[in-house]
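Observations on the three-dimensional arrangement
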Amino acid sequence: MTQTVQLPLWLFILIVLFAMVTALSHLLLPSVRWFFRRRLERAVKQLNTRLKRPIEPFKLARRYDMIQRLIYDPEVTREIVNYARANKVPENVAFEKARDYAREIVPSFSAFAYFSFGIRLARLLAKSVYRIETADNNAKIFDAIPKDATVVFVMNHRSNMDYVLVTYLAARDSALSYAVGEWARVWPLSWLIKSLGAYFIRRRSRGDLYRKVLARYVQMATAGGVNQAFYPEGGLSLNGRLQAPKMGLMSYLVDGFDPEEGRDVVFVPVAINYDRVLEDLVLIAADQRGDRRFGARISVVVGFILRKLWQRLTRQDTRFGAAAVAFGQPLSLRNETEHHAVDGLLEELMSRIETVMPVPIVPVIAHVLLEADGITDAKLLEKAATVLSEVPEGNRVIKLENLKQEMSRALKGLKARELITESGDIWRIASDHRPVLQFYANSIAHFFEEDDAAVAK
């Protein structure tokens, strides 16, 4: 026992390194993790005192624990057995498939990343690109929702800036969890988005096992009080109008809801409209081709963001007009009896979004020019005032007394983009750019369709 053992120097160094790694992993790292987790818990506790809807424990659970809970869920387990039987593979292979799906879906929410980095970035970016306008009763609507209910924002999808806008606007009240598509699975964007609480979904997946894993995660998060936001249209509007809703996530929410137990689910319709949609030309081109292939490169997007942030930091005002957000009348799933079927719920929510759709100045100008191309300044102002007067006052983003000033600024922007031309005091739609004006006019067209139908009769 006391004999001397000679070892080569390289082997001795290797043994010492292994010992250090073992000591680090078993003694030091758990202590370090415990130290930081305790600090995080205290920070979240303090943060929750400032939020109208505190962050629920479900959202703060460790990602590994959530994955384990998800793949061992009885409904997922049954689907694993069905998958193995249908595909003639061992159950352990099907189990690993379910684990892969769970890892792909479950986010790794970081309260630090969300509230210290994500919200600041969202605020800076949103204010760099737009003048943010919100409906007067947004706060009143949100505050009236019971504190123990799970809030689900149901939004129309006009631009990828929708994520930024609603995240920024909801920051003082709660943390939101988004469903995002395959576009966000590019590293390092995927890491950032997951740390902000978003979860990935495969738009084109039709496998029963994947759908079951996704459905159970959505249902668990909803039961756990995680406030969420999703787009029933399933993708960006290509023509400016509201698109037909898809069942997807709504069916998961309804199927997993028990009116007798647990939390109520309150859907908040959210209508978003812009003076300029950043991706407008890309979306219009896709609509004309009849596909959903968007040609924007990530380098172009990143360059645009950096340029706008720099302009904001150097106090240059190059914003693209207004970005307006309005909340509609909430719908409680527990109290809802008339539209409890998924298609009925979606139809009602889309109707409420349409009812509160904000009306900025550019869609108004587009509406007028499409009806009377080649119009004088004075006549354009008169017709724009008439259009606004036909819109409910709560939907107007601009006030009638500020119309001349706002219209002058909007016309300058449209002219700079070469969408319209000016000859003397006559304004015309530029050649080949009628579809762009139609894209913006479509966002408010539903306010005038009944009048158009009456005239046609």
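Residues numbered from 1 in each chain as written. Predicted model: local features only at pLDDT ≥ 70, side-chain atom pairs only at ≥ 80, totals over all residues. Heavy atoms only, no water.

- Looking at an unreviewed UniProt entry, one finds the chain named Glycerol-3-phosphate acyltransferase and attributed to Sulfitobacter sediminilitoris.
- Note on the chain: under the UniProt heading Catalytic activity (unreviewed entry), the record states "sn-glycerol 3-phosphate + an acyl-CoA = a 1-acyl-sn-glycero-3-phosphate + CoA".
- The chain has a UniProt comment under Subcellular location (unreviewed entry) that states "Endomembrane system". (UniProt positions renumbered as here; feature names shortened; annotations may be inferred.)

1. Some details on the overall build of the chain
- Each helix and strand in the chain was counted, giving 19 helices and 11 strands.
- Here the chain holds 457 residues, and the buried ones make up 47% of them.
- Intrachain contacts of the chain at a sequence separation of at least 6 include 76% that bridge at least 24 residues. (Helix = DSSP H or I, 4+ residues; strand = E, 2+ residues; numbered from the N terminus. Buried < 20%, exposed > 50% of the residue type's maximum accessible area, 1.4 Å probe, protein only. Contact = heavy atoms within 4.5 Å.)

2. A closer look at the nonpolar core
- Ranked by internal contacts, the top residues of the largest apolar core, which has 128 residues, are Phe153, Tyr178 and Phe267.
- The biggest single contributor to this core is helix H10 (residues 208–223), with nine residues.
- Phenylalanine 153 has contacts with Phe142, Leu176, Gln228, Ala229, Phe230, Val268, Val270 and Phe327, leaving out every residue within four places of it along the chain. (Core = buried A, V, L, I, M, F, W, Y, C linked by side-chain atoms within 4.5 Å.)

3. Some remarks on the packing of helix H3 (residues 63–71) against H10
- Where H3 meets H10, the axes come as close as 10 Å, and the angle between the chain directions of the two elements is 120 degrees. Put simply, H3 runs oblique to H10. In this structure, H3 meets H10 at a crossing whose hand is right-handed. Judged by residue contacts, Met66, Arg69 and Leu70 of H3 engage Val213, Arg216, Tyr217 and Met220 from H10.
- Per-class residue counts for the contact of H3 with H10 are five nonpolar, no polar and two charged. (Axes fitted to C-alpha atoms, helices over the stretch in contact; angles between N-to-C directions. Parallel < 35°, antiparallel > 145°, perpendicular 65-115°, else oblique. Left-handed = near helix turned anticlockwise from the far one by under 90°. Nonpolar A, V, L, I, M, F, W, Y, C, P; charged D, E, K, R; others polar.)

4. Comments concerning the sheet that holds strand E10 (residues 420–423)
- Ordered in space as E9-E11-E10, the three strands form an open sheet in which the pairing is antiparallel. Among the strands making up the open sheet, the edge pair consists of strand E9 (375–376) and E10.
- As paired strands, E10 and strand E11 (residues 426–429) are joined by four bridges and run antiparallel to one another. Looking at E11, one finds that isoleucine 420 is bridged to isoleucine 429. (Pairing = 2+ DSSP bridges.)

5. Section: a nonpolar patch on the surface
- Among the surface-exposed residues, Leu9, Ile13, Leu14 and Leu17 lie close enough to one another that they form a single nonpolar patch of about 370 Å² accessible area.
- Here leucine 14 lies in helix H1 (residues 9–48). (Patch = residues over 30% accessible without salt bridge, like charges linked within 9 Å, V, L, I, M, F, W, Y side chains within 5 Å. Areas by Shrake-Rupley, 256 points an atom, 1.4 Å probe, with all protein chains shown as cover. Salt bridge = Lys/Arg side-chain N within 4 Å of Asp/Glu carboxyl O.)

6. Things to note about the packing of helix H15 (residues 361–371) against helix H16 (residues 377–390)
- Viewed as axis vectors pointing N to C, H15 and H16 meet at an angle of 115 degrees, and their least axial separation amounts to 9 Å. Helix-helix and strand crossings are classified by hand; for H15 and H16 the assignment is right-handed. In this structure, H15 uses Val364, His367, Val368 and Leu369 to contact H16, whose residues at the interface are Leu380, Lys383, Ala384, Val387 and Leu388.
- When the residues that make up the contact of H15 with H16 are grouped by side-chain class, the tally is seven nonpolar, one polar and one charged.

7. A few points about unusual backbone geometry
- Although it is not a glycine, lysine 88 sits at a positive phi angle of roughly 55 degrees.
- Note on placement: lysine 88 falls in the loop between helix H4 (74–87) and helix H5 (91–105).
- Backbone geometry places glutamate 418, a non-glycine residue, at a positive phi of 65 degrees.
- With relative accessibility at 58%, the residue glutamate 418 sits in the exposed group.

8. Quick notes on the confidence of the model for the chain
- In the predicted model, the chain carries a mean pLDDT of 82, and the fraction of residues at 70 or more is 76%.
- Mean pLDDT across the elements of the chain ranges from a minimum in helix H19 (residues 449–456), with 52, to a maximum in helix H18 (residues 434–442), with 96.
- Low pLDDT, under 50, characterises residues 453–457; the stretch is placed with zero contacts to residues that sit more than four places away or in other chains. (pLDDT = per-residue confidence, 0-100.)

9. A word on the pairing of E11
- Across the two faces of E11 the burial differs, with Trp427 and Ile429 buried and Ile426 and Arg428 not buried at all.
- Where E9 meets E11, two bridges bridge the pair, whose relative direction is antiparallel. Of the residues in E11, the one forming a bridge with isoleucine 375 is tryptophan 427.
- Hairpin geometry of E10 and E11 is characterised by an intervening segment of two residues between the two adjacent antiparallel strands and by a positive phi of about 70 degrees at glycine 424.

10. Considerations on the pattern of salt bridges
- Enumeration over the complete set of coordinates arrives at 13 salt bridges.
- Here glutamate 406 and arginine 131 are joined by a salt bridge, their closest N and O atoms 3.4 Å apart. Residue glutamate 406 is located in helix H17 (residues 403–416), and its partner arginine 131 is located in strand E1 (residues 131–134); the two are separated by 275 residues in the primary sequence. Each member of the pair, glutamate 406 as well as arginine 131, carries the same accessibility label: buried.
- The structure contains a network of salt bridges with shared partners spanning Arg131, Glu133, Glu406 and Arg409.

11. Side note on the side chain of aspartate 291
- Among the secondary structure elements, aspartate 291 is positioned in the loop between helix H12 (280–289) and helix H13 (298–313).
- A distance of 3.0 Å separates a polar atom in the side chain of aspartate 291 from a polar atom in the side chain of arginine 289.
- If we skip the residues at most four places from it in the chain, aspartate 291 touches Leu238 and Ala286. (Polar contact = N/O pair within 3.5 Å; in protein donor to acceptor, adjacent residues only side chain to side chain.)

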